[in-house]
Amino acid sequence: HERQKLVLDTTANHPLCPGWSSKTLDRLVSVPSEGHAWQMDHIIEVAAGGGGCGLENVQTLCVPCHSLKTRQYIQTSARMKRSERAALERSIQQTLQSMRSTMDSETQTCTSQDLLSDDGELIVDVPGVG
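Keep in mind that this is a model prediction, so the values were computed, not measured.

Within the protein, the secondary structure is distributed over 4 helices and 2 strands. When the helices and strands of the protein are read in sequence order from the N terminus, they spell out α-α-β-β-α-α. Split into buried and exposed, the 130 residues of the protein put 19% on the buried side. Contacts spanning at least 24 positions in sequence make up 42% of the contacts within the protein whose residues lie at least 6 apart. Total accessible area computed for the protein in this model is approximately 9,800 Å², and 56% of it derives from carbon and sulfur atoms.

Now for the side chain of His66. Relative to the helices and strands, His66 resides in helix H3 (residues 63–106). At a separation of 2.5 Å, a polar atom in the side chain of His66 contacts the side chain of Gln39. Dropping the residues within four chain positions of it, His66 is found in contact with Gln39, Met40, Asp41 and Leu61.

In terms of nonpolar packing, the biggest core is built from 9 residues, these being Cys17, Trp20, Leu25, Leu28, Ala37, Leu61, Cys62, Val63 and Cys65. Listed by contribution, the elements that provide at least two residues to this core are helix H2 (22–30), strand E2 (58–62) and H3.

Okay, H2 next. Within H2, burial applies to Thr24, Leu25, Leu28 and Val29. All buried residues of H2 lie within an arc of 130 degrees about the axis, which places them on one face of the element. When the buried face of H2 is taken as reference, the exposed residues oriented beyond 90 degrees from it are Ser22 and Lys23.

Evaluation of the coordinates by the stated rule reveals 3 salt bridges. As a salt-bridge pair, Lys69 and Asp41 come within 2.8 Å of each other at their nearest N and O atoms. Taken together, the residues span a long stretch of sequence, with Lys69 in helix H3 and Asp41 in strand E1 (residues 38–42) at a distance of 28 residues. Accessibility expressed as a relative area gives 5% for Asp41, which makes it buried. Residue Glu89 is joined to Arg85 by a salt bridge in which the shortest nitrogen-to-oxygen separation is 2.9 Å. Separated by 4 residues within a single helix, Glu89 and Arg85 lie in helix H3, roughly one turn from each other. Each member of the salt-bridge network shares a partner with another, and the members are Asp41, Glu45 and Lys69.

With that out of the way, let us pick up the environment of Ile43. Looking at where Ile43 falls in the secondary structure, it is placed in the loop between E1 and E2. Linking Ile43 and Glu56, residues 13 residues apart in sequence, is a C-alpha distance of 8.5 Å. If we ignore the near neighbours within four places in the chain, the residues touching Ile43 are Glu56, Asn57, Val58, Gln59 and Lys69.

On average, residues of the protein carry a pLDDT of 76, and 65% of them reach 70 or more. Looking at the elements of the protein, mean pLDDT is at its lowest for helix H4 (residues 112–115), recorded as 54, and at its highest for E1, recorded as 88.

So, about the state of the cysteines. A covalent bond between the sulfur atoms of two cysteines is what we call a disulfide. Tallied over the entire structure, the rule returns 0 disulfides. Cys62 takes part in no disulfide bond, and the closest cysteine sulfur, belonging to Cys65, lies 3.4 Å away.

Definitions and cut-offs
- Counting of residues starts from 1 at the beginning of each chain's written sequence and follows it residue by residue.
- Local features in a predicted model are, by the rule used here, given only for residues with pLDDT of at least 70; side-chain atom pairs are given and counted only at 80 or more, and totals for whole chains, interfaces and linings are based on all residues.
- The side-chain values count all of the structure's non-hydrogen atoms but skip hydrogen atoms and water molecules.
- Elements are defined by DSSP. Helices are runs of H or I of four residues or more, strands are runs of E of two residues or more, and each kind is numbered from the N terminus.
- Exposure classes here rest on a 1.4 Å probe applied to the protein chains alone. A residue is buried below 20% of its type maximum, exposed above 50%, and partly exposed in between.
- Here, two residues are considered to be in contact whenever any of their heavy atoms come within 4.5 Å of each other.
- Only the protein chains shown count as covering a residue, and every accessible area follows the Shrake-Rupley method with a 1.4 Å probe.
- Distance and chemistry together define a polar contact, namely a pair of N or O atoms within 3.5 Å, with one atom able to donate a hydrogen and the other to accept it when in protein, and with adjacent residues in sequence counting only for side-chain atoms on both sides.
- Buried Ala, Val, Leu, Ile, Met, Phe, Trp, Tyr and Cys residues that are joined via side-chain atoms within 4.5 Å together make up what is termed a nonpolar core.
- Our arc is simply the arc of the directions from the helix axis toward the C-beta atoms.
- By definition, a salt bridge exists where a carboxyl oxygen of Asp or Glu is found within 4 Å of a side-chain nitrogen of Lys or Arg.
- pLDDT: the predictor's confidence for each residue, scored from 0 to 100.
- A pair of sulfur atoms, both from cysteines and within 2.5 Å, is called a disulfide here.

Below, the structure written as structure tokens:
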């Protein structure tokens, strides 16, 4: 068991690895199980379009590195989605402001209360829904 532990510890704890806990190493040595030491990773994440790629898009990572890479991707992806949503909301607000100005000055038939709820949400009537 000591040799197995040394091999796992040496190969897994490379400079970029977040590391293995001693409890995890002990479990890997005493009860080895498929997928607990190494995992296949998509270099370009499946969610980013990497699922249909061939073997050139896969690599083997130790479990801590794979977990870290996945966490970082999820966090980055969430930040990007929030940023994109905020930009879209700003664009919609600018468009609505422009529409209100045009409609108020030309027809006097549409006011800001007609387009936005009290909390600033866009009000849209969808035929057949409601």
